[in-house]
Amino acid sequence: MMTPTIQPGVLLERGRRLLDIRALRYALMAGAGLLLAAILAFLFFKTQGADVKRSGEVLAALRQLKQIDARWDVDVLRSRAELHPQSLPAEDPRPLLARLQKDLAAAAQSLESAVLAQGLPGLTRDFSRKADMIGQYRQAGTTTRQALARVLGADTEIAGLVRGSWQDFRERERLVAAENTALQAIAEAQRYHYAPSETQRKVVETVAQDLQHAAGRVPPALRDGMLRLEDHVQQLLAARPVEEELYTRLSFLTAGPRVDSLTTAFSGEMEATLTRQEFYRAYLVAYSGALLILLGYLAMRLVASYRLLHQANEELEQRVVERTRELSEALQQLKESEAQLIQTEKMSSLGQMVAGVAHEINTPLAYVKNSLGSVTGKLPELAQLTGEAEKLLELLRTGAANPHQLAQQFALTEQLIGQFKDHHVLEELQTLLKDGLYGISQISEIVINLKNFSRLDRSRMDSFDLNEGIESTLLLAKHELKGHTVKKNLGDIPRITCSPSQINQVFLNLINNAAQAIESGRGVISLTTRRADATHVAVEVQDNGKGIPADVLPKIFDPFFTTKDVGKGTGLGLSIVYKIIEQHGGTIHVDSGVGVGTRFTVVLPLTPPLPAPEDAPAASAATA
């Protein structure tokens, strides 16, 4: 029996369908979850609609407004009902009204109450009008009471004036009539004050006219008193209607009823809100219970899935452990290979440096060797002269020498001295010694620069003059730079804090690369130092060599990348330069053109931002 064969295209199509179905399932599940969360949020929001505390503050403010209105009404009625009315309380309710109106406006905005938003403007307007009218009523009442007080005070004044005129005025019946008229005017004015009516007003006006007639038939002093009484009565007649009109207008103001209607409407609105809130709360409880049941079911499914996933994870972890072990072994082998390559690069660089230094030492060493050889050749003449001179001195010292022998020895010594002078032996010895000392000084300078370059006798981080480092590096790389012109544009830059040996290694690598980039003929290598900004310095190494192609330029700092022939470079020189500059918190940029040359720009901070960098594995490696 043959097994049916499934084409790869069919399997691929089935896989795509399964992925599409799974993606659709996840999308539906996510949509359902968002919908359930939105419904829960909606129900919860609906249960949070009523702010009971804020609503209580609104009702308390409305009650205060009602109390203020009631106090105004009581004060007005009391002023009219008392037989001897006092002035209305002078307390100004405007600050309290302003505060209550501000609180109600803020509550209407926070509670989003339509009742308050609709009723507050009218309520505010009515209370403002009533407050203004109460003030006017208080002022009118004060004027009326002052006029009444002056009318009542005239009773004693008229009686005194009548008694004062009784002895001197013969027509005493006129005095009695005038006093009776005055008493009648006072009584009618008082009656008009307590029961103002149009009839009573006419009576008071008639009595006032009688006062004027009676005043014309009495003594001057009494006449003046009666005229003053008539003036007080006229003031009362003018003030009392104003007070009465204000009272009538106050009676028709609707501040109090408007407070009652607004309080009732707001209470009804709050009750409806609380009822609606309870309705949604019941739905929220039922919906939350259903969600808990659904979450319980999903939790059970999740636990089952977790167990399967845990089992799969254990298998995956085992595979990961095995794969990690394999990768670790591969990484260790790679590190060992890298270390071997770096060591090879170190030895190559060290060999080049030793060859260059040996070549530079060989020339002054030849000076010293030739000078010492020449000095050795002159020593027999000097020894012969010294021996003959000693013999002459010995003959002279004894004093008993043969004159002929003494003369013969003197002549021989004189002859040797003449030959010594003719051959310029002393001058030649001095020249030879100067040449030897010059050669020794050249060797000493090379050793000192090599010592400064390596900085093995100093701490790893130190204050360093980049210009001095460049000078030392140029001296050590002199063998590589033969045949090329070096232009130095060393600016006035501050010292920086760095690892001198590593920075010198950077200079050596860049200078050697520049020298090796010039294929034939005499090239020009320019070295420039300058300030990049207030906290950085820049070093530029530029050559007029063959340049770097644009497709190669992004790779030159990659480890093991080199454009040299096989066996002539490991591709670690520029990689090491990049790593050292990066560890010092600096940057390196490259500008190059094929057939034009290359310029490396190194920017270093005056102070590294991080602690001293660890010595790079290839800090002493050389060119790539």
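Residues numbered from 1 in each chain as written. Predicted model: local features only at pLDDT ≥ 70, side-chain atom pairs only at ≥ 80, totals over all residues. Heavy atoms only, no water.

### Remarks on the overall build of the protein
- When helices and strands are tallied, the protein shows 13 helices and 7 strands.
- Counting only residues that meet the buried cut, the protein has 34% of its 624 residues in that class.
- A fraction of 78% describes how many contacts in the protein between residues 6 or more apart in sequence connect residues 24 or more apart.
- In the form shown here, the protein has an accessible surface area of approximately 38000 Å², with 58% of it arising from carbon and sulfur atoms. (Helix = DSSP H or I, 4+ residues; strand = E, 2+ residues; numbered from the N terminus. Buried < 20%, exposed > 50% of the residue type's maximum accessible area, 1.4 Å probe, protein only. Contact = heavy atoms within 4.5 Å. Areas by Shrake-Rupley, 256 points an atom, 1.4 Å probe, with all protein chains shown as cover.)

### Structural notes on the confidence of the model for the protein
- Per-residue confidence for the protein averages 77 on the pLDDT scale, and 78% of its residues sit at or above 70.
- Highest mean pLDDT in the protein belongs to strand E5 (residues 536-543) (93); lowest belongs to helix H10 (residues 425-454) (66). (pLDDT = per-residue confidence, 0-100.)

### Considering helix H4 (residues 114-165)
- Helix length check: H4 (52 residues) gives 77 Å between terminal C-alpha atoms against 76 Å at 1.5 Å per residue, within 8%.
- Along H4, the sharpest change in direction is near 35° and occurs at Leu120; proline Pro121 comes one to four residues later. (Expected span 1.5 Å × (residues − 1). Bend = angle between axes of the 7 residues up to and from the residue.)

### Topic: the sheet that holds strand E7 (residues 597-605)
- Pairing is mixed in the open sheet, where 5 strands are placed in the order E2-E4-E5-E7-E6. Edge strands, defined here as strands with exactly one partner in the open sheet, are strand E2 (485-490) and strand E6 (587-593). The average angle at which neighbouring strand axes cross in this sheet is 15°, direction not considered.
- Relative to E5, strand E4 (residues 524-533) runs antiparallel, the two sharing 8 bridges. Bridge assignment links Thr529 to a residue of E5, and that residue is Val539.
- Set on the sheet, helix H11 (residues 466-476) makes contact with E2, E4 and E5; between it and E2 the angle comes to about 170°.
- Each of E4, E5 and E7 touches helix H12 (residues 500-517); the most contacted strand, E5, lies at about 25° to it. (Pairing = 2+ DSSP bridges. Axes fitted to C-alpha atoms, helices over the stretch in contact; angles between N-to-C directions.)

### Let's talk about H12
- Across its 18 residues, H12 extends 26 Å between first and last C-alpha, which sits within 8% of the 26 Å expected from 1.5 Å per residue.
- The element H12 is largely enclosed, with a buried count of 16 among its 18 residues.

### Some details on the pattern of salt bridges
- Here the structure, examined in full by the defined rule, presents 11 salt bridges.
- Put simply, Arg191 and Glu188 hold a salt bridge, and the shortest N to O gap is 2.7 Å. Placement of both Arg191 and Glu188 in helix H5 (residues 172-194) is noted, with a separation of 3 residues, approximately one turn of the helix.
- When salt bridges with common partners are traced through the structure, they connect Arg240, Glu243 and Glu244 into a single cluster. (Salt bridge = Lys/Arg side-chain N within 4 Å of Asp/Glu carboxyl O.)

### Comments concerning the packing of H4 against helix H7 (residues 220-251)
- Between H4 and H7, the least distance of the axes is 8 Å, while the angle of their chain directions is 160°. The angle between H4 and H7 places the two elements in the roughly antiparallel class. The handedness of the crossing between H4 and H7 is left-handed.
- Here the contact of H4 with H7 is composed, by residue class, of 22 nonpolar, 7 polar and 8 charged. (Parallel < 35°, antiparallel > 145°, perpendicular 65-115°, else oblique. Left-handed = near helix turned anticlockwise from the far one by under 90°. Nonpolar A, V, L, I, M, F, W, Y, C, P; charged D, E, K, R; others polar.)

### Considerations on the packing of aromatic side chains
- Enumeration over the complete set of coordinates arrives at 2 aromatic pairs.
- With a centroid separation of 4.7 Å and an interplanar angle of 65°, the aromatic rings of Phe279 and Tyr283 are classed as edge-to-face. Of the two residues, Phe279 and Tyr283 are both situated in helix H8 (residues 255-398); the distance of 4 residues between them amounts to about one turn of the helix.
- Given the relative accessible area of 47%, Phe279 is considered partly exposed.
- Between the aromatic rings of Phe557 and Tyr578, the centroid separation amounts to 5.2 Å while the plane-to-plane angle is 40°, which identifies the pairing as tilted. In this pair, Phe557 sits in the loop between E5 and helix H13 (573-583) while Tyr578 sits in helix H13, placing the two residues 21 residues apart along the sequence.
- Among the residues examined, Phe557 registers a relative accessible area of 18% and is labelled buried. (Phe/Tyr/Trp six-rings, centres within 6.5 Å; stacked < 30°, edge-to-face > 60°.)

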